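# Structure assessment
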Amino acid sequence: MHVAHLALTDFRSYDTVDLGLEPGVTAFVGPNGQGKTNLVEALGYVASQSSHRVATDGPLVRQGAARAIVRSVVVRDDRRALIELEINPGKANRARLNRSPVSRPRDVVGMLRTVLFAPEDLAMVKGDPGERRRYLDDLLVARAPRFAGVRADYDRVLKQRGALLRVAAQSRRGRGGRRAENDAAFAAAGAGDPLSTLEVWDAHLAKYGAELLAARLGLIEELRPLVASAYAALAPGSDAACLDYRGTLPEESEGTAREDLEGRIRAALLDVRTSELERGVTLVGPHRDDLFLGLGELPARGYASHGESWSFALALRLAAYDLLRSDGGDPVLILDDVFAELDSQRRRRLAEIVAPAEQVLITAAVAADVPAELIGARFDVTEGSVARVR
Ligand SMILES: Nc1ncnc2c1ncn2[C@@H]1O[C@H](COP(=O)(O)OP(=O)(O)O)[C@@H](O)[C@H]1O
Ligand SMILES: [Mg+2]
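Computed from a prediction, not measured in an experiment: that's the story for all the values here. Note that residues are indexed from 1 along each chain, following the sequence as it is written. All chains are assigned letters beginning with A, and all ligands numbers beginning with 1, in the order in which they are written. The predicted origin of the model limits local features to residues at a pLDDT of at least 70 and limits the giving and counting of side-chain atom pairs to 80 or more, whereas totals for whole chains, interfaces and linings rest on all residues. The basis for every side-chain value is the complete set of heavy atoms in the structure, and neither hydrogens nor water enter the calculation.

## Structural notes on the overall build of the chain
Runs of E in the DSSP output that reach at least two residues are strands. Runs of H or I that reach at least four are helices, and both are numbered from the N terminus. For the chain, the count of helices and strands is 10 helices and 15 strands. Note that the radius of gyration is over C-alpha atoms, with the globule rule given as 2.2 Å times the number of residues to the power 0.38. Relative to its length of 390 residues, the chain is compact, with a C-alpha radius of gyration of 23 Å against a globular reference of 21 Å. If one aligns the C-alpha atoms of the chain with their principal axes, the spans along those axes are about 75 × 50 × 35 Å. By definition, residues are in contact when any of their heavy atoms lie within 4.5 Å. Restricting to contacts in the chain with at least 6 residues of sequence separation, those with at least 24 account for 69%. Here, Shrake-Rupley sampling with a 1.4 Å probe gives the accessible areas, and only protein chains in the shown set may cover a residue. Summed over all atoms, the accessible surface of the chain reaches about 17400 Å², with 49% contributed by carbon and sulfur. Mean positive and mean negative side-chain charge positions of the chain (52 and 55 charges, respectively) differ by 5 Å. By the counting rule applied here, Lys and Arg register as positive and Asp and Glu as negative, while His and the ends of each chain are not counted. Positions of charges follow a simple convention, taking NZ of Lys, CZ of Arg, CG of Asp or CD of Glu.

Written as structure tokens, this is what we have:
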């Protein structure tokens, strides 16, 4: 698939911009702070309805404007789809597909598939578990958009269960555990009998949590060989890259089918109930899990060199690309300012791997950062104007 057209209104630094794009390689070149990443961020938003740079939509809207509009034409197997998104921070976004409104914006997630490489990717290797959970969950959503709903349901249950636990923790601490007052506090939180209310939330948490967990475990099985071979291609002769899931469920119990996991989460929640009631947080579930990245015998995090960490981050993205491609249809590859971060060997190898993709969009501060293998169309980006020069 490829993007044939991108038009922005009041998105980030742009009041309006309108670009025709083609399959093959396109580079956006210009000094820092001129709006290159803003362009590719908009495409990432069309794909996932989230930004790789910010957690909320507010910063995506141009300063002083009320809403942003992103229009794109996506071509897949000669079929064109016009996807229009209206981003309304703090309110519901709206989406249209081929000029007809869709009932939920989420319904157009996955119409465009992208794999975005960015300097922030290093955080997948060096950063907190949340970065790696996000990698997994974003990929689940890209492959099966209904996971956007599962993830949202899980987050909602987690929040509500957390509120209930906090009320419980507070009333235990503050009032010496006097039952009548605890109950009053629960009632104030919209809950009835505390423990039976908690059981209802346990059931919801286990249901959505098991769905997410089962999907993550299946995904890791598929990723494992792809990450290992992508890493070997980027850094030949080095230690093997491996993946493992580090979950919060007790290891001794077996069973990774969704139904097994649901029961295991419920059982684990009962085991930690006392600590949860003391601390006021949910201690078990996919929101506390981690994707372990290993190089040879050692964890990558805290041990890998800067270059190795980069190779690992690139390998995770390349593996995502392989998976999406094997589902059918070449996703659009976006390389945001990554070549400047790499030494010449990694640069060349990455260029060779991505060159055959149907569409590759690259941003770079200077043309010399774009490897010779990836010469194609070029736009110069300066002070918010985007001009085709080749
Ligand atoms: N919501 C916004 N409104 C106006 N300007 C913005 C907004 N968000 C970012 N910018 C501006 O966009 C510029 C950064 O653009 P970016 O695409 O990240 O640059 P680069 O070309 O280095 O990739 C900065 O000058 C920033 O001030
Ligand atoms: Mg940038």
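That shown, we press on.
## Side note on the packing of aromatic side chains
For any pair of aromatic rings, the description rests on two quantities: the centre-to-centre distance and the angle between the ring planes. What counts as a ring pair is set by centres within 6.5 Å for rings of Phe, Tyr and Trp (its six-membered ring), and what kind of pair is set by the plane angle: stacked under 30 degrees, edge-to-face over 60, tilted for all other angles. This structure, assessed with the given rule, holds 2 aromatic pairs. Ring geometry for F28 versus F379: centroids 5.2 Å apart, planes at 20 degrees, classification stacked. With a gap of 351 residues between them, F28 in strand 3 (residues 24-29) and F379 in strand 14 (residues 377-382) connect regions that are remote in the sequence. On the accessibility criterion, F28 (2% relative accessible area) is buried. In this scheme, a residue with accessible area under 20% of its type's maximum is buried, one over 50% is exposed, and one in between is partly exposed, where area comes from a 1.4 Å probe on protein chains only. For F379, a relative accessible area of 4% corresponds to the buried category. Ring geometry for Y231 versus F312: centroids 5.7 Å apart, planes at 50 degrees, classification tilted.

## Some remarks on the site of ligand 1
We call a residue near a molecule or strand whenever a single non-hydrogen atom of that residue lies within 4 Å of it. Taken together, 15 residues sit near ligand 1, with G33, K36, T37, N38 and V61 positioned nearest. At 2.8 Å, a side-chain N or O of K36 approaches an oxygen atom of ligand 1. The term polar contact refers here to a pair of N or O atoms within 3.5 Å; inside protein, the definition further demands a hydrogen-donor-capable atom paired with an acceptor-capable atom, and it admits residues adjacent in sequence only when both atoms are side-chain atoms. At 2.9 Å, a backbone N or O of Q63 approaches a nitrogen atom of ligand 1. In the complex, 70% of the free accessible area of ligand 1, which totals 580 Å², lies under the protein chains. Note on residue classes: Ala, Val, Leu, Ile, Met, Phe, Trp, Tyr, Cys and Pro are nonpolar, Asp, Glu, Lys and Arg are charged, and everything else, Gly too, is polar. Considering only residue class, the shell around ligand 1 consists of 3 nonpolar, 8 polar and 4 charged.

## Considerations on the packing of helix 9 (residues 306-326) against helix 10 (residues 344-354)
Two elements in contact, helix 9 and helix 10, have axes separated by 12 Å at closest approach and are oriented at 5 degrees. Regarding the angle of helix 9 to helix 10, the classification is roughly parallel. Touching G307, E308, S311, L314 and L318 of helix 9 are R346, L350, I353 and V354, all from helix 10. Across the contact of helix 9 with helix 10, the residue classes break down as 5 nonpolar, 2 polar and 2 charged. Orientation is described by lines fitted to C-alpha atoms, with helices fitted over the stretch in contact, and by angles between N-to-C directions that extend from 0 to 180 degrees. The cut-offs work like this: below 35 degrees is roughly parallel, past 145 is roughly antiparallel, 65 to 115 is roughly perpendicular, and the gaps in between are oblique.

## Focus on the sheet that holds strand 14
Only strands joined by at least two bridges in the DSSP assignment are considered to pair. One open sheet accounts for 6 strands, arranged 8-12-13-3-14-15; its pairing is mixed. Single-partner strands in this sheet number two, and they are strand 8 (114-117) and strand 15 (385-388). This sheet shows a mean twist of 15 degrees between the axes of neighbouring strands, independent of strand direction. Here strand 14 runs beside strand 15; their pairing, made up of 4 bridges, is antiparallel. Bridge pairing in strand 15 places F379 opposite R388. Across the sheet, helix 9 lies against strand 8 and strand 12 (332-336), angled at about 170 degrees from strand 8, the strand it touches most.

## Re helix 3 (residues 129-143)
To estimate how far a helix should extend, the number of its residues minus one is multiplied by 1.5 Å. The terminal C-alpha atoms of helix 3 lie 21 Å apart, and with 15 residues this matches the ideal 21 Å at 1.5 Å per residue to within 8%. Regarding helix 3, the residues found buried are R132, R133, Y135, L136, D137, L139, L140 and V141.

## Brief notes about the pairing of strand 4 (residues 68-76)
Each regular strand carries side chains that alternate between the two faces of the sheet. By the criterion of burial, strand 4 is predominantly enclosed, with 7 of the 9 residues buried. Taken together, the 7 bridges between strand 1 (residues 2-11) and strand 4 define a ladder with antiparallel strand orientation. Bridge pairing in strand 4 links L8 to V70. With antiparallel pairing between neighbouring strands as the criterion, strand 4 and strand 5 (residues 79-87) make up a hairpin whose turn holds 2 residues, including D77 at a positive phi of roughly 45 degrees.

## Topic: the pattern of salt bridges
One speaks of a salt bridge when a side-chain nitrogen belonging to Lys or Arg is within 4 Å of a carboxyl oxygen belonging to Asp or Glu. In this structure the tally under the stated criterion is 31 salt bridges. The network of salt bridges with shared partners includes R113, R143, E222 and D327.

## So, the side chain of D202
The residue D202 is located in helix 6 (residues 194-234) in this model. Those residues in contact with D202 that sit more than four places away from it in its chain are R161, R266, L269 and R273.

## Concerning the UniProt feature "binding site: ATP" (unreviewed entry) in the chain
UniProt positions are given in the numbering used here, feature names are shortened, and annotations may be inferred rather than shown by experiment. Residues annotated by UniProt as "binding site: ATP" (unreviewed entry) correspond here to G30, P31, N32, G33, Q34, G35, K36 and T37. One can find G33 in the loop between strand 3 and helix 1 (36-48). Tracing the chain through its elements places G35 in the loop between strand 3 and helix 1. Assessed through its relative accessible area of 6%, G35 is described here as buried. With sequence-adjacent residues up to four places away left out, G35 is seen in contact with S13, Y14 and V381.

## Focus on unusual backbone geometry
At D10, a residue that is not glycine, the phi angle is positive and equals roughly 55 degrees. Given a relative accessible area of 13%, D10 falls into the buried group. Even without glycine at this site, Q49 takes up a positive phi of about 55 degrees. Mapped onto the fold, Q49 is located in the loop between helix 1 and strand 4. For Q49, a relative accessible area of 18% gives the class buried.

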